[in-house]
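Spelled out from the first residue to the last, the chains are:
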There are 2 protein chains.
Amino acid sequence: MSERITWLNDLIRLEILLWERVDARLRAAHDLPLARFQTLHALADGPLRVGDLAQRMSITVGGASKVTDRMVTLGLLAREPDPTDRRASRVTLTAAGRSALDAATGTYAACLAEIVDPALPAADRQRMHELVRRLLTALDGG
Amino acid sequence: MSERITWLNDLIRLEILLWERVDARLRAAHDLPLARFQTLHALADGPLRVGDLAQRMSITVGGASKVTDRMVTLGLLAREPDPTDRRASRVTLTAAGRSALDAATGTYAACLAEIVDPALPAADRQRMHELVRRLLTALDGG
DNA sequence: CTGTTTTATCTTCCTTGGAATATTATTCTG
DNA sequence: CAGAATAATATTCCAAGGAAGATAAAACAG
């Protein structure tokens, strides 16, 4: 019973600590908090509608709308009208957003590698990712 | 490079989704959000000073101070003066806090089991916990 | 013992994101 | 096509926690 609690507690704590570390590094190196990096990354493969962005980031639509607002203000994103649905807008990376993403991606990977690699060899990292994926699939088909 | 990002992204998303599910269940069954449950659980083994509570929960001291305020108002926690240091206060469970914790613990474990067990057999859950622990140890010696 | 430094906590301001609601556009029914 | 139902987004209000500064008590230097 209590192992269950420890199990999730530890997972949550891990996520918090990893987030803090990577966030601090990205802020220091690129003035780009991790939350913004993630938004950029979600849009790397092309524009998304606000709702799809929300889903990909596991936040609410309202939240995604506001994230978009802020990052449009910062010049990292742009809203363009969806040609097929005038209610919707397609959120897209600006040139500045794209280059912020490109610049930060290396920092992100390096920082994470610095933390994770000494603790887990490649096989274990791989195994862990696979376990996470299996749980994600069970949770939302993703 | 990009696998690194997916690796952490997936971990973060998993944490968000698990949090949401368990949080919703605890709210529904006990009117006790997961953040409060975690606070109660952190204090289950005995009183802690605010700073120690903060550390155990991986939040800031200021945050812990405010969590304590709210939960004192709710009657779940109490502050008692630390006999050895008049700057500090020892945060402790009230009877109501203890019984809320006891009641919610079963719900928490059951909810988590419902989600995790179909996706991961016991051996994998165990393995995953061990990987998480190894990373935590690397991150903060915990 | 007095002044400085450190420690533990609290407080204020700010950002973030959720919940609920409003708004506007689309789709569907008849 | 008119009206109702639905869908996509935006907006308002609220709770939570971080950062930085403010207190208050303790520890320490002399």
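This text goes with the structure placed above it.
This report concerns the structure included in the present document.

Calculation criteria
- Residues numbered from 1 in each chain as written.
- Chains lettered and ligands numbered in written order.
- Predicted model: local features only at pLDDT ≥ 70, side-chain atom pairs only at ≥ 80, totals over all residues.
- Heavy atoms only, no water.
- Pairing = 2+ DSSP bridges.
- Helix = DSSP H or I, 4+ residues; strand = E, 2+ residues; numbered from the N terminus.
- Contact = heavy atoms within 4.5 Å.
- Buried area = accessible area lost by both parts, 1.4 Å probe.
- Salt bridge = Lys/Arg side-chain N within 4 Å of Asp/Glu carboxyl O.
- Polar contact = N/O pair within 3.5 Å; in protein donor to acceptor, adjacent residues only side chain to side chain.
- Buried < 20%, exposed > 50% of the residue type's maximum accessible area, 1.4 Å probe, protein only.

Moving on to the sheet that holds strand β1 (residues 48–49) of chain A. The strand order across the open sheet formed by three strands is β1-β3-β2 (chain A), and the pairing between neighbours is antiparallel. Lying at the two open borders of the sheet, with one neighbouring strand each, are β1 and β2 (77–81) of chain A.

Taken together, the contact between chain B and chain A spans 54 residues of the former and 54 residues of the latter. Across the chain B/chain A interface, buried area totals approximately 5,600 Å², and carbon plus sulfur atoms make up 70% of it. Area buried by chain B at its contact with chain A is led by R4, W7 and L139 of chain B, which between them contribute 14% of it. R134 of chain A is paired through a salt bridge with D124 of chain B; the nearest N and O atoms lie 3.1 Å apart. Counting every contact that joins chain B to chain A gives 14 residue pairs in polar contact (both at pLDDT 80 or more).

Before going further, it helps to examine the side chain of D23 of chain A. All names here are of chain A. Structurally, D23 is set in helix α1 (residues 2–30). Owing to a relative accessible area of 11%, D23 belongs among the buried residues under this scheme. Of the polar contacts made by the side chain of D23, one reaches the side chain of R27; its length is 2.7 Å. From its side chain, D23 meets the backbone nitrogen of L34 in a polar contact 2.7 Å long. Excluding residues that lie within four positions of it along the chain, D23 makes contacts with P33 and L34.

It is worth spelling out the sheet that holds strand β2 (residues 77–81) of chain B at this point. All names here are of chain B. The three strands lie next to each other as β1-β3-β2, forming an open sheet whose pairing is antiparallel. Across the chains shown, the open sheet's two edge strands, defined by having one partner strand only, are β1 (48–49) and β2. In this structure, β1 lies alongside strand β3 (residues 89–93), joined through two bridges in antiparallel fashion. Following the sheet pairing, L48 is matched in β3 by V91.

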